[in-house]
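Remarks on the overall topology
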Amino acid sequence: MKLEFVNLSKSYGSKRALINVSATFEHGVYALLGPNGAGKTTMMNILVDNLRADSGVIFYNGKDTREMGAEFRQLIGYMPQQQQMYQSMTAQRFMFYIASLKGLSKEDAKRQIDDLFERVNLPDSKKTKIAALSGGMKQRLLIAQALLGNPPILVLDEPTAGLDPKERVRMRNLVESVSGAKIIIYATHVVSDVETIAKNVLFLKSGELVGMGSRSDLADVLSPQYDIPKNPGLEDIYMALFENE
């Protein structure tokens, strides 16, 4: 399984949000790091086909994803940054609605939904209307719906926003537990969320991909240009790249 970004670019008027971004993903967790405004959400929206790139192509196993259309979208579990859900639905009804969009049978949907409510620590909130859920609970529900159908590509845009420290750890463990056979792209500006689980890291800076690889590889590549200490942690590299942003 291989996902390839080839020279993706996107502008909003005179603002260049993505500039010739190329990257290759195989199975595992990939941390997409950068401050707000770096281009992370634009990149995610292009991947899930919510937005068209001005130029460039995304390939999945050698096929142009635009030509694959709905076939490719069915392979993606997407957790957006914004909590846009049907507020009058119960949490359970919302999950069944998403399951129907993904083409799951009622039996398979019920099994998966019951399991996911347990895994995201919402077993007692199935019958609660979404409008009555806290921000953190809505965030956990969004993670659960992204996992429905066991998609091979999981796209998480700031998945721990609004979660308390205990729930952040739970979500980190959940992501790690499903990462073996998936491509997981985890966009965040919270380095601690991904430092222990990410196979590789991508740094986006003002729309440009300034580095991709393991922590040690990034330190070697970026040290000549940035003031990175010896034997750095991921937080050290992040601070060196974005200390003035």
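Here's a quick rundown of the structure. (Residues numbered from 1 in each chain as written. Predicted model: local features only at pLDDT ≥ 70, side-chain atom pairs only at ≥ 80, totals over all residues. Heavy atoms only, no water.)

Details of helix α7 (residues 165-177)
An α-helical segment advances 3.6 residues per turn. Residues three or four places apart therefore align on the same side. Convention followed: The helix and strand labels rest on DSSP assignments: H or I over at least four residues marks a helix, E over at least two residues marks a strand, and numbering proceeds from the N terminus. Each residue after the first adds 1.5 Å to the expected span of a helix. Only protein chains enter the accessibility calculation, which uses a 1.4 Å probe. A residue is then buried if its area is under 20% of the maximum for its type, exposed if over 50%, and partly exposed in between. Read the arc as the range of directions from the helix axis to the C-beta atoms. The contact criterion used throughout is that any non-hydrogen atoms of two residues lie within 4.5 Å.
Across its 13 residues, α7 extends 18 Å between first and last C-alpha, which sits within 8% of the 18 Å expected from 1.5 Å per residue. Residues of α7 that are buried include every one of Glu-167, Arg-168, Met-171, Arg-172, Leu-174 and Val-175, and no others. Down the axis of α7, the sector holding all buried residues measures 160°, keeping them to one side. Away from the buried face of α7 by more than 90 degrees, exposed residues Pro-165 and Lys-166 are located. The secondary structure elements touched by the buried residues of α7 are β3 (28-33), α5 (106-119), α6 (135-147), β7 (153-157) and β8 (183-188).

Focus: the pattern of salt bridges
Quick note on the threshold: Only one rule defines a salt bridge in this text: a Lys or Arg side-chain nitrogen within 4 Å of an Asp or Glu carboxyl oxygen.
Summed over all chains, the structure comprises 11 salt bridges. In this structure, the salt-bridge partner of Arg-111 is Asp-108, at a minimum N-O distance of 2.4 Å. Of the two residues, Arg-111 and Asp-108 are both situated in helix α5; the distance of 3 residues between them amounts to about one turn of the helix. By relative accessible area, Arg-111 is classed as exposed at 54%.

As for the sheet that holds strand β5 (residues 63-64)
Backbone-to-backbone hydrogen bonds pair the strands of a sheet. The strands run either parallel or antiparallel. This is how the line gets drawn: Pairing between strands requires that DSSP locate at least two bridges from one strand to the other. Every angle, taken between N-to-C directions, lies between 0 and 180 degrees, and every axis is a line fitted to C-alpha atoms, over only the stretch in contact when it is a helix.
Taken together, 4 strands build an open sheet; the order of strands is β2-β1-β4-β5 and the sheet is antiparallel. Each edge of the open sheet is held by one strand with a lone partner, namely β2 (15-25) and β5. By the bridge criterion, 5 bridges tie strand β1 (residues 3-12) to strand β4 (residues 55-60) in an arrangement that is antiparallel. Of the residues in β4, the one forming a bridge with Glu-4 is Phe-59. Sheet strands in contact with helix α1 (residues 40-47) are β1, β2 and β4, and its direction is about 120° off that of β1.

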